[in-house]
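Observations on the model geometry
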Amino acid sequence: MRCPFCSHDDTQVAETRESDEGDVVRRRRRCLACEKRFKTYERAEISLPAVVKKDGTRAEFDAAKIKASMTLALRKRPVSVERVDAALEHIQEQLLGNGTREVPSARLGELVMHELKQIDKVAYVRFASVYKSFEDVDEFRQLIHDI
């Protein structure tokens, strides 16, 4: 591991700890050249499926985009950041559990709507109104009635 301060190649691990969940390893390191200390974190790198858009193009799954959409729908609603992060994590777990290499954007939208419905009904309606592109008021009324 290269030292972030002096770029020396030789560092020494002073301490290693696992997170409570066991999914992250934290290492405290010491540079043998400049003697400065720093931390590194190890996580398993997992590959989420590619998103197939309506026009057939493919894009990498971007958790930041999903979170931004959810945050926009939840704007000025009494929902904690932790709850949004947990919902995003649940969506990612479902995608990983499928074991597929690609997921249609429509399926991704459904997963987001399901999570928002659990978190906040107003945010669910906000997201669904944009996502489903309602043609008339009756479709919108039906969505609200179904809630």
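One can find the structure itself at the top, above this paragraph.
Residues numbered from 1 in each chain as written. Predicted model: local features only at pLDDT ≥ 70, side-chain atom pairs only at ≥ 80, totals over all residues. Heavy atoms only, no water.

Here we look at unusual backbone geometry
Positive phi is not limited to glycine here, since S7 has a value of about 65°. For S7, the location among the structural elements is in the segment before β1 (11–18). Here S7 falls in the partly exposed class, since its relative accessible area comes to 43%. (Helix = DSSP H or I, 4+ residues; strand = E, 2+ residues; numbered from the N terminus. Buried < 20%, exposed > 50% of the residue type's maximum accessible area, 1.4 Å probe, protein only.)

Focus on helix α3 (residues 105–119)
Spanning 15 residues, α3 covers 21 Å between terminal C-alpha atoms, matching the ideal 21 Å at 1.5 Å per step. Among the residues of α3, those classed as buried are L108, G109, L111, V112, M113, E115, L116 and I119. Packing partners of the buried residues in α3 comprise β4 (50–52), α1 (63–73), α2 (81–98), β6 (102–104) and α4 (121–131). (Expected span 1.5 Å × (residues − 1). Contact = heavy atoms within 4.5 Å.)

Some remarks on the sheet that holds strand β3 (residues 37–43)
The 3 strands are arranged β1-β2-β3 in an open sheet whose pairing can be described as antiparallel. One side of each edge strand has no neighbouring strand; the edge strands of this open sheet are β1 and β3. The mean angle between the axes of side-by-side strands here comes to 25°, regardless of whether they run parallel or antiparallel. Pairing analysis gives 7 bridges linking strand β2 (residues 24–31) to β3, with the strands arranged antiparallel. Counted as the bridge partner of R27 is T40 from β3. (Pairing = 2+ DSSP bridges. Axes fitted to C-alpha atoms, helices over the stretch in contact; angles between N-to-C directions.)

Let's talk about the pairing of β2
Buried residues dominate β2, accounting for 6 of its 8 residues. When β1 meets β2, the two strands line up antiparallel, connected through 7 bridges. Bridge pairing in β2 places T11 opposite C31. The turn linking β1 back onto β2 is made up of 5 residues, and G22 within it adopts a positive phi angle of 80°. What sits between β2 and β3 in their antiparallel hairpin is a turn of 5 residues, with E35 showing a positive phi close to 70°.

Interpretation note: all reported values are geometric properties and have no functional meaning in isolation.
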